[in-house]
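The lines below spell out each chain.
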Amino acid sequence: MRNYFVSFIVPCFNSENTVEICVNSILGQLKFDGEEIIIINDGSTDNTLEIINQYKNHKNVIIKTHDKNMGLAAARNTGIQNACGDILIFIDSDMEVKKDWLSKAMAIFKNKNIIGVMGQYAPVPKTPLNKLDQYLYSSLRGAKKKYVDGDAIPFQYFLFSNTAIRKSVFDALGGFDEKFKEYGGEDTELAIRLYELYPGGLYYYSTLITFHNSKKDLREYCENLTMYG
């Protein structure tokens, strides 16, 4: 069986401090011509575009730019529309992909019953954690609260910042709802539609690890949750 073609989709908005770490962590895992990274600059006003333009001549990298900020849903849809891979991998620009992520994910997708997989977030190794970090990365939140490696999960635990999904499902599913322009909601809404079409097809794998290179203070976290609600 041939290797899957895969497309990493990395949306960016004012990600000058993290996007280079993210892209380099992905490039270090690519081995075949059919593996690509699509970076979407979603109207950044900092140095994000200048940073990602250093990759514009790389054979595995495609850069797309929105003239204005359109939101995470629209940025991900741009990635989907330009992707050639059989498997689409959604990685946020403040994530660093662990070295064995891609090889593990491709082994998982040999199971034809698996439609999508979501991995596990972790803090950057050796980084001091404040009380908020300790909560965010604890077993009190997310899929790890109830599930273990290889479990099927319901839609409410299926997020899209460390996730791989078969591209073919978007033919019936459509993309993200671009009415979602602020923090949160766009991935849950899509996960509901996905779960309705493929109940039992979404899985959690704690071995698919990404390190989170962005810190939030308590005020920002609460503001995000208020917006999501």
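Look a little higher up for the structure.
This report concerns the structure included in the present document. Bear in mind that the values here come from a model prediction, so they are computed numbers and not experimental data. (Residues numbered from 1 in each chain as written. Predicted model: local features only at pLDDT ≥ 70, side-chain atom pairs only at ≥ 80, totals over all residues. Heavy atoms only, no water.)

### A look at the nonpolar core
Basically, it comes down to this: Residues belong to one nonpolar core when they are buried, are Ala, Val, Leu, Ile, Met, Phe, Trp, Tyr or Cys, and are joined through side-chain atoms within 4.5 Å. To sort residues, take the accessible area from a 1.4 Å probe on protein chains only and compare it with the maximum for the residue type: under 20% means buried, over 50% means exposed, and anything in between is partly exposed. Contacts are assigned to residue pairs that have any heavy atoms within 4.5 Å of one another.
Core analysis: the largest hydrophobic core is formed by 35 residues, its most contacted members being Phe8, Ile26, Ile37, Ile89, Ile91 and Val117. Excluding its chain neighbours within four sequence positions, the residues that come into contact with Ile26 are Phe8, Val10, Ile37 and Val97. Among the nonpolar cores identified, the runner-up in size contains 26 residues, and Ala73, Tyr157, Leu202 and Tyr204 belong to it.

### Describing the pairing of strand S9 (residues 202–212)
Looking along a regular strand, one sees the side chains alternate between the two faces of the sheet. Worth spelling out the cut-off: Note on conventions: DSSP H or I runs of at least 4 residues are helices, E runs of at least 2 residues are strands, and numbering of each starts at the N terminus. Two strands pair if DSSP finds at least two bridges between them.
The element S9 is extensively covered by neighbouring structure, given that eight of its eleven residues are classed as buried. Sheet topology note: the strand S5 (residues 95–97)/S9 ladder contains three bridges and is antiparallel. Each residue of the ladder has a partner; that of Met95, found in S9, is His212. For strand S6 (residues 116–123) and S9, the ladder comprises seven bridges, and the chain directions are parallel. Residue Val117 lies in a different strand from S9, and its bridge partner there is Tyr203. Bridge analysis of strand S7 (residues 151–152) against S9 gives two bridges, and the strand direction is antiparallel. From the neighbouring strand, Ala152 faces S9, where its bridge partner is Tyr203.

### Some points on unusual backbone geometry
Even without glycine at this site, Asn14 takes up a positive phi of about 50°. Locating Asn14 in the fold gives a position in the loop between strand S1 (6–12) and helix H1 (19–27). Given the relative accessible area of 33%, Asn14 is considered partly exposed. At Lys126, a residue that is not glycine, the phi angle is positive and equals roughly 70°. Inspection of the secondary structure puts Lys126 in the loop between S6 and helix H5 (131–136).

### Remarks on a nonpolar patch on the surface
Quick reminder of the rule: Exposure above 30% relative accessible area and the lack of any salt bridge qualify a residue for a patch; like charges then connect within 9 Å, and the nonpolar side chains Val, Leu, Ile, Met, Phe, Trp and Tyr within 5 Å. To measure how exposed things are, a 1.4 Å probe is used in the Shrake-Rupley method; for residues, cover is taken only from the protein chains shown. Salt bridges are defined as contacts in which a side-chain nitrogen from Lys or Arg sits within 4 Å of a carboxyl oxygen from Asp or Glu.
Nonpolar side chains collect at one region of the surface, where Tyr183, Met227 and Tyr228 lie side by side and expose about 300 Å² of accessible area between them. Tracing the backbone shows Tyr183 in the loop between helix H6 (169–173) and helix H7 (186–197). For Tyr183, a relative accessible area of 38% translates into the label partly exposed.

### Observations regarding the pattern of salt bridges
A full pass over the atoms with the stated rule returns five salt bridges. With a closest N to O distance of 3.0 Å, Lys179 and Asp177 form a salt bridge. Judged by relative accessible area, which is 70%, Lys179 ranks as exposed.

### Describing the side chain of Asn77
Examined against the element boundaries, Asn77 turns out to sit in helix H3 (residues 72–82). Not counting the four nearest positions on each side in its chain, Asn77 is found in contact with Gly175, Phe176 and Glu178.

### Structural notes on the packing of aromatic side chains
Note the following rule: Here is the rule: rings of Phe, Tyr and Trp (six-membered ring for Trp) pair when centre to centre is within 6.5 Å. Planes less than 30 degrees apart are stacked, more than 60 are edge-to-face, and the remainder are tilted. The criterion is that NZ of a Lys, or CZ of an Arg, lies within 6 Å of the ring centre and within 35 degrees of the ring normal, and then a charge sits over that ring.
Enumeration according to the criterion identifies eight aromatic pairs in this entry. Ring geometry for Phe158 versus Phe160: centroids 5.4 Å apart, planes at 85°, classification edge-to-face. Among the residues examined, Phe158 registers a relative accessible area of 0% and is labelled buried. By relative accessible area, Phe160 is classed as buried at 0%. Grouping aromatic residues by their ring pairs yields a cluster made of Phe90, Phe158, Phe160, Phe170 and Phe176. Across from the ring centre of Phe176, 5.4 Å away, lies the NZ or CZ of Arg76, which sits over that ring.

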